[in-house]
Amino acid sequence: MTDVDHQLELDKAGANINSRWDAVLHFAKNYPLAVGGIIIVIMFVGMAIFADVISSHDPVQTNASLSLAAPSANNILGADMMGRDMFARIVHGSRISLVVGVSSTLLGGIIGVVIGLMSGYLLGWFDLIMQRIIDIMQALPLLVLALVMAASLGPSLENTILAISIPLVPRVARVVRSSTLALREMPFVEAARAAGMTELRVAFRHVLPNTLAPLIVLGTAQLGSAILVEASLSFLGLGVPEPHPSWGRMLSENAAEYARVAPWLVIFPGLAISIVVFGTNLLGDALRDILDPRQRT
Amino acid sequence: MGTYLIKRFFLMLLTLLGMSVIIFVMLRLMPGNIVDIMFDSAGFVDPLEKAEIEKELGLDRPIPVQYFDWIWGLMHWDLGFSYVSEMPAAEELGPRIPITAKLAIMALGFSVLFGVPLGVISAVKQDTALDYTLRVISLSGLSLPSFWLALLILMFSVAVFNDIPIYMEPPENLLDELLLFSIPAAAVGFRSSALIMRLTRSSMLEVLRQDYIRTARAKGASENSVNYSHALKNAFLPVTTIIGIEAAFLIGGLIITETVFNIPGVAHFLVEAILMRDYPIVQNLVMLIALIVVTVNFIVDLTYGALDPRIKYGS
């Protein structure tokens, strides 16, 4: 048996926390990867909000004389074939990623919560039909389903969001349904029912809040996938259309063609996608450790 | 067991039937059909001529009639004709399927080969610098868009070898084929290997906390014996599930990779067919993918039961 370092164990358990700053330090020490994730996500959101302030260039302004310009003081990440400033396009592209990622995660999440809650709560024929529909949706890989949906809806920002959100529904619905099935038999739910609350109120006021922890964990993971799927759809030409600067489309347009003479066209948009998704994944992992201790790794 | 199998089989058929209706309706909802796309490039549209081609392709009939026509054909092994090439869809798909299948098998092999051992190492060395490094690598595997990884590999190979490992003509022998496919397979398998590694790690850690592991240690079993012969065997169970599911889901990653590496497989063909509104190709391919996914899920379910005697079916 090794010796126990009492001070270390105490620190680990969160003793001696006196101020808010101590609490932050304690958190950072226990979850170093989470802090990295939080910083990346904050920077990403900040970039999307203050895009106009960060970059003085117009992301859609073309300039023939700057075609394929190498990174310089004026265009710090270079310019694309049409002479548009890459830095401005990447900064403004964060808006598309953020809007599509967050909206489709939320939309898919809300639909999934409603279906899952009603399925687990009502059971019967509603549950049976919903489970079969979910089976069908899960029979196609996420990207394939999103691809077919995006194509049948037609290219626009709203349609891309819809096309990504629907394939995200099944997993949310499954998670909420299984939590609901377990929760509906709990004494406190029975008590609420006995107190004369309507079924709908019991479901939303007592059952739903108790499924939040796994939902938040799943939601963060899905945010990362949503951003990746948007990039993939736009890369294949079925995502967000012009003139929106989308990171995925920047890589398809002519990046591959000009990769040899202008490698910055390939490197920077891809780096942007990777860093943001990496950040949400770090955050998702940390949230899972914190909110769902049974799954702690 | 018997009733469970029959029930599962029936549900599989139901899922596939539902999928066929959904995909059929979604395709018909797409803005524009192949005739529109053909005439788009021509500029001038003669409505009579357009209607004639639509009639020839059977696009003027009511949607339910078109649907039953397709299903009737499927039941008789008739997949219809490609609108673009006017060849039988089976002949279009036939030669492309083995290419994608080979890529998928290589990618899966790559991901198991790397994912499982690295996951075990990461768990055994939990919270060491090695563990953190491996975790960051696996997380980046889930974060890098596969098309970017593929583009970077292409750029790197041009810069270093002055050569592009993309598909120009069918490879002549097996070795050429393996070499040509190894890079796209690795690019698409990186993500799966990251997933498999993370699951192996967490499953391994879960098992290492169990009482019987402590008992084994107490009896004086060596660290290696505990980790590899006691723990790994049980930790591997959930990993089989994810390997099975990944096998079916690799097609998503392959869509992108085949596009970047110019490989003439079915995954890339699906995108082309969607863009051209080549309904017979898209609907048959989607059904094929769905068939593979539900079959793999079924097999994984059965394997799980065979590997873990605690699992009983049909209760």
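Here is what the cut-offs are and how they apply
- Residues numbered from 1 in each chain as written.
- Chains lettered and ligands numbered in written order.
- Predicted model: local features only at pLDDT ≥ 70, side-chain atom pairs only at ≥ 80, totals over all residues.
- Heavy atoms only, no water.
- Contact = heavy atoms within 4.5 Å.
- Buried area = accessible area lost by both parts, 1.4 Å probe.
- Salt bridge = Lys/Arg side-chain N within 4 Å of Asp/Glu carboxyl O.
- Polar contact = N/O pair within 3.5 Å; in protein donor to acceptor, adjacent residues only side chain to side chain.
- Helix = DSSP H or I, 4+ residues; strand = E, 2+ residues; numbered from the N terminus.
- Nonpolar A, V, L, I, M, F, W, Y, C, P; charged D, E, K, R; others polar.
- Core = buried A, V, L, I, M, F, W, Y, C linked by side-chain atoms within 4.5 Å.
- Buried < 20%, exposed > 50% of the residue type's maximum accessible area, 1.4 Å probe, protein only.
- Domains from an automatic or database assignment.
- pLDDT = per-residue confidence, 0-100.
- Phe/Tyr/Trp six-rings, centres within 6.5 Å; stacked < 30°, edge-to-face > 60°.

## Regarding the interface of chain B and chain A
Stage number 1. At the junction of the two partners, chain B supplies 53 residues and chain A supplies 46 residues.
Stage number 2. For the pair chain B and chain A, the summed buried area comes to about 4000 Å², and 78% of that belongs to carbon and sulfur atoms.
Stage number 3. Contact with chain A buries surface across chain B, with Phe147, Trp148 and Met155 of chain B losing the most and accounting together for 15% of the total.
Stage number 4. The tally of links from chain B across to chain A stands at 1 salt bridge.
Stage number 5. Residue aspartate 285 of chain A pairs with arginine 198 of chain B through a salt bridge whose shortest N-O separation is 2.9 Å.
Stage number 6. The interface formed by chain B and chain A contains 4 residue pairs in polar contact (both at pLDDT 80 or more).
Stage number 7. Every element with two or more residues in the side of chain B that touches chain A is listed here: helix 1 (2–29), helix 7 (129–143), helix 8 (146–161), helix 9 (174–208), helix 11 (223–261), helix 12 (266–276) and helix 13 (279–307) of chain B.
Stage number 8. By residue number, the principal contributor to the side of chain B that touches chain A is helix 1 of chain B, which donates 9 residues.
Stage number 9. Looking at the side of chain B that touches chain A, its residues break down into 37 nonpolar, 9 polar and 7 charged.

## Description of the nonpolar core
Stage number 1. If you look at the biggest cluster of nonpolar residues, it comprises 119 residues, and the most contacted ones within it are Leu147 of chain A together with Val260, Leu270 and Ile274 of chain B.
Stage number 2. Sort the elements by how many residues they give to this core and helix 13 of chain B lands first, with 13 residues.
Stage number 3. Residue assignment places this core across two domains, with domain 1 (2–93) and domain 2 (97–307) of chain B each supplying three or more.
Stage number 4. Dropping the residues within four chain positions of it, isoleucine 274 of chain B is found in contact with Leu147, Val148, Ala151 and Leu238 of chain A together with Met30 and Val282 of chain B.
Stage number 5. Within the second largest apolar cluster, 15 residues are counted, among which are Val172, Ala192, Met197 and Ala203 of chain A.

## Concerning the confidence of the model for chain B
All names here are of chain B.
Stage number 1. Of the residues in chain B, 92% have a pLDDT of 70 or more, and the chain-wide mean is 81.
Stage number 2. Per-residue pLDDT, averaged within each element of chain B, yields its smallest value for helix 2 (residues 34–42) (68) and its largest for helix 6 (residues 96–124) (88).
Stage number 3. ipTM for the predicted complex: 0.83, alongside a pTM of 0.85.

## As for the pattern of salt bridges
All names here are of chain B.
Stage number 1. In the structure shown here, the tally under the stated rule is 10 salt bridges over all chains.
Stage number 2. Note that arginine 135 and aspartate 131 form a salt bridge whose closest N and O atoms lie 3.9 Å from each other. Placement of both arginine 135 and aspartate 131 in helix 7 is noted, with a separation of 4 residues, approximately one turn of the helix. Both residues of the pair, arginine 135 and aspartate 131, count as buried.
Stage number 3. As a salt-bridge pair, arginine 201 and aspartate 131 come within 3.0 Å of each other at their nearest N and O atoms.

## Quick word on the packing of aromatic side chains
Residue and element names in this part refer to chain B.
Stage number 1. According to the stated counting rule, one finds 8 aromatic pairs over all chains in the structure shown.
Stage number 2. Ring geometry for phenylalanine 24 against tryptophan 70: centres 5.7 Å apart, planes inclined by 20 degrees, an arrangement best described as stacked. Placement of phenylalanine 24 in helix 1 and of tryptophan 70 in helix 4 (residues 63–75) is noted, with a sequence separation of 46 residues between them. Comparing phenylalanine 24 with tryptophan 70, the two get one shared label, buried.
Stage number 3. Measuring from ring centre to ring centre gives 6.1 Å for tyrosine 67 and tryptophan 70, while their planes differ by 70 degrees; the resulting arrangement is edge-to-face. Of this pair, tyrosine 67 and tryptophan 70 both sit in helix 4, 3 residues apart, which is roughly one turn of the helix.
Stage number 4. We classify tyrosine 67 as buried; its relative accessible area is 11%.
Stage number 5. For tryptophan 70, a relative accessible area of 6% puts it in the buried group.
Stage number 6. Here a set of aromatic residues connected by ring pairs shows up, and it is made of Phe24, Tyr67, Phe68 and Trp70.

## Topic: the domain arrangement of chain B
Residue and element names in this part refer to chain B.
Stage number 1. With domains assigned, chain B is organised as domain 1 (2–93) and domain 2 (97–307).
Stage number 2. Every contact between the two is made by 29 residues of domain 1 and, on the other side, 25 residues of domain 2.
Stage number 3. Both sides together, the interface formed by domain 1 and domain 2 hides about 2500 Å², and carbon and sulfur atoms give 74% of it.
Stage number 4. When residues of domain 1 are sorted by the area they lose upon contact with domain 2, Leu16, Leu27 and Leu93 head the list and together hold 24% of the total.
Stage number 5. Note that aspartate 301 is salt-bridged to arginine 8, the shortest N-O span being 2.5 Å.
Stage number 6. Viewed at the interface, domain 2 and domain 1 are joined by 4 residue pairs in polar contact (both at pLDDT 80 or more).
Stage number 7. Looking at the side of domain 1 that touches domain 2, the elements that each hand over two or more residues are helix 1, helix 2, helix 4 and helix 5 (89–93).
Stage number 8. Among the elements that make up the side of domain 1 that touches domain 2, the one with the highest residue count is helix 1 (12 residues).
Stage number 9. Class assignment for the residues of the side of domain 1 that touches domain 2 results in 21 nonpolar, 5 polar and 3 charged.

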